[in-house]
Amino acid sequence: MASLVLAEVQSGDLGPSVARVVSAAAHLGAPVDVLVTGSQAAKAAAAATLLTGVRKVLVAEHPQLSGSVSEPLAALLQQLSGDYDAFLAPANAVGKSVMPRLAALLDVSQISEVTTIIDRNTFEHPVYAGAAIETVSVSEPRLILTIRASAFAPAEVGNASAPIVPVAFTPLADAPRVLAETVTASDRPDLGTARVVVSGGRAFASRDAFDSLLAPLAERLGAAIGASRAAVDSGYAPNDLQVGQTGKVVAPDIYLAIGISGAVQHVAGMKGARIIIAINKDASAPIFEIADYGLVGDLFDIVPQLTEALTR
Ligand SMILES: Cc1cc2nc3c(=O)[nH]c(=O)nc-3n(C[C@H](O)[C@H](O)[C@H](O)COP(=O)(O)OP(=O)(O)OC[C@H]3O[C@@H](n4cnc5c(N)ncnc54)[C@H](O)[C@@H]3O)c2cc1C
């Protein structure tokens, strides 16, 4: 049998998580196909053909499959399920919504947020907000996995080109419709896959300060911007920047936590970072327990100085 990766497509482009989920799928030891969906799938499909380890790229183009609506995507995966015994998707909003539906349709259990594939039937994933790692052994005939993409190195972009195979989709009679979709445009790196993340917390005390202090620093570092939930709940940063248990899970090379206390729910989203740098005026803040480097002081003094130093 074979494994099928549900591709993330962002504004017609292949999402950065796909290469990582393909590399995760390779650990299952079976051929890996990628499924690209939407009404304009050609560009993303072409990019997927170049990923090392991909046998073929399935393309399903139908209006019901645009716009991240979960029910038609789950139905399509079910329609393809005769050829596959493993289905993988990134553990992002779409994957977390589609895969449980597919699991219900196929009557198997799902394994969520997989961080390590030990063998075809054995997986590791975090539980209790990342406080423990659980090893799960499954005997299901079919695997349905959401993958924590940051835990896997991306598959390389090679020279060989896998074939593109159009697949038929039987549309749903009563599929939900997307009435409008608002996409946040940003020139910054994607938070989920950025090499450097600069995150701000409640200490910024206003949206103005959050933007005016963090944006120049992020620009100097080529970094994505993240935020604690307190910063998001206070309206300093949009919801999609939240890092943590109920936000995004990131594993950049460098994570700067600025004015963030280091609550367990925040740490659950960033402790996989290779180097953690904390700036906090309270020397006993828990964030210093996991930080590789710490600066004790007022962020309103330190951040402008740091930005200035990086400009020179
Ligand atoms: C079910 C659940 C899920 C949650 N999910 C998440 C999640 O996904 N992500 C998340 O982040 N949180 C989450 N939380 C909330 C979490 O518990 C914390 O409340 C939150 O992370 C705190 O954010 P903070 O560190 O910005 O604020 P605070 O805890 O208020 O910390 C602010 C820090 O800034 C420092 N500081 C203040 N002024 C300055 C200054 N001028 N210069 C330098 N430092 C300064 C302070 O010393 C303090 O350490 C969740 C909570 C629950 C219950």
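Thresholds applied
Residues numbered from 1 in each chain as written. Predicted model: local features only at pLDDT ≥ 70, side-chain atom pairs only at ≥ 80, totals over all residues. Heavy atoms only, no water. Helix = DSSP H or I, 4+ residues; strand = E, 2+ residues; numbered from the N terminus. Rg over C-alpha atoms; globule rule 2.2 N^0.38 Å. Buried < 20%, exposed > 50% of the residue type's maximum accessible area, 1.4 Å probe, protein only. Contact = heavy atoms within 4.5 Å. Areas by Shrake-Rupley, 256 points an atom, 1.4 Å probe, with all protein chains shown as cover. Pairing = 2+ DSSP bridges. Axes fitted to C-alpha atoms, helices over the stretch in contact; angles between N-to-C directions. Expected span 1.5 Å × (residues − 1). Right-handed = clockwise from strand over helix to strand, strands pointing away. Near = heavy atom within 4 Å. Polar contact = N/O pair within 3.5 Å; in protein donor to acceptor, adjacent residues only side chain to side chain. Nonpolar A, V, L, I, M, F, W, Y, C, P; charged D, E, K, R; others polar. Domains from an automatic or database assignment. Buried area = accessible area lost by both parts, 1.4 Å probe. Salt bridge = Lys/Arg side-chain N within 4 Å of Asp/Glu carboxyl O.

Visitor: Account for the overall build of the protein chain, naming residues and giving values.
Guide: A count of helices and strands for the protein chain gives nine helices and 17 strands. For 312 residues, the compact-globule estimate of 2.2 N^0.38 gives 20 Å, and the C-alpha radius of gyration of the protein chain, at 21 Å, lies within 12% of that figure. Viewed in the frame of its principal axes, the protein chain has a C-alpha envelope of about 60 × 40 × 40 Å. Scored against the burial criterion, the 312 residues of the protein chain give a buried share of 47%. Of all intrachain contacts in the protein chain linking residues separated by at least 6 positions in sequence, the fraction that spans at least 24 positions is 63%. Carbon and sulfur atoms make up 51% of the accessible area of the protein chain, which totals about 14700 Å².

Visitor: Outline the sheet that holds strand E17 (residues 293-296), listing residues and values.
Guide: Ordered in space as E14-E13-E15-E16-E17, the five strands form an open sheet in which the pairing is parallel. Among the strands making up the open sheet, the edge pair consists of strand E14 (224-227) and E17. When strand polarity is set aside, the average angle formed by the axes of neighbouring strands in this sheet is 15°. Looking at chain direction, strand E16 (residues 275-280) and E17 are connected through four bridges and run parallel. Considered in E17, the bridge of Ala278 is made with Gly294. With respect to the sheet, helix H5 (residues 207-221) is in contact with strand E13 (196-200), E14 and strand E15 (254-258), its orientation differing from that of E13 by roughly 170°.

Visitor: Could you give an account of H5, with specific residues and numbers?
Guide: A rise of 1.5 Å per residue sets the reference length of H5, with its 15 residues, at 21 Å; its end C-alpha atoms lie 21 Å apart and thus fit the reference within 8%. Of the residues making up H5, those classed as buried are Ala209, Phe210, Leu213, Leu214, Leu217 and Ala218. In the core, the buried residues of H5 are packed alongside E13, E14, helix H6 (229-233), E15 and helix H9 (299-311). Once H5 ends, the next one or two residues include Gly222, with phi positive near 60°.

Visitor: Report on the pairing of strand E5 (residues 54-61), specifying residues and quantitative values.
Guide: Across a regular strand the side chains alternate sides, sitting on one face of the sheet and then on the other. Note: strand E4 (residues 32-38) against E5, seven bridges, orientation parallel. Bridged to Asp33 within E5 is Lys56. In terms of handedness, the path from E4 via helix H2 (residues 42-49) over to E5 forms a crossover that is right-handed. Of the strand pairs in this sheet, E5 and strand E12 (residues 164-166) are connected by three bridges, and their pairing is parallel. Bridge pairing in E12 places Val57 opposite Ile164.

Visitor: Quick one: what's the story with the site of the ligand, residue by residue and with numbers?
Guide: The full set close to the ligand counts 25 residues, and Arg202, Ser228, Thr246, Ser261 and Asn280 are the nearest of them. Ser228 places a polar side-chain atom, nitrogen or oxygen, 2.6 Å from an oxygen atom of the ligand. Measuring from an oxygen atom of the ligand, one finds a backbone N or O atom of Gly247 at 3.4 Å. With the chains in place, 76% of the 980 Å² that the ligand exposes on its own is no longer accessible. Only H6, helix H7 (264-267) and H9 provide two or more residues apiece to the shell around the ligand. Of the residues assigned to the shell around the ligand, the class counts are seven nonpolar, 13 polar and five charged.

Visitor: Quick one: what's the story with the side chain of Ser81, residue by residue and with numbers?
Guide: Structurally, the position occupied by Ser81 is in the loop between helix H3 (70-79) and strand E6 (86-90). Beyond its immediate sequence surroundings of up to four residues, Ser81 is in contact with Phe87, Leu106 and Arg142.

Visitor: Please set out the sheet that holds strand E9 (residues 122-127) residue by residue, giving values where relevant.
Guide: Across the sheet, three strands lie side by side as E8-E9-E10; this open sheet has antiparallel pairing. At either margin of the open sheet sits one strand with a lone partner, and together these are strand E8 (116-119) and strand E10 (132-137). Looking at each pair of strands side by side, their axes are set apart by 30° on average, direction ignored. Two strands pair when backbone bridges link them, and E8 and E9 are joined in this way by three bridges, in the antiparallel orientation. Within E9, the position partnered with Thr116 by the bridge is Glu124.

Visitor: Summarise the domain arrangement of the protein chain; cite the residues concerned and give the values.
Guide: As assigned here, the protein chain comprises domain 1 (3-166) and domain 2 (196-311). Centre-to-centre, using C-alpha coordinates, domain 1 lies 31 Å away from domain 2. Across the contact, five residues belong to domain 1 and seven residues belong to domain 2. The contact between domain 1 and domain 2 buries some 470 Å² in all, and 53% of this surface belongs to carbon and sulfur atoms. Looking only at domain 1, the three residues that lose the most surface to domain 2 are Ala129, Arg148 and Ser150, adding up to 77% of its buried area. Joining domain 1 to domain 2, the criterion identifies zero salt bridges.

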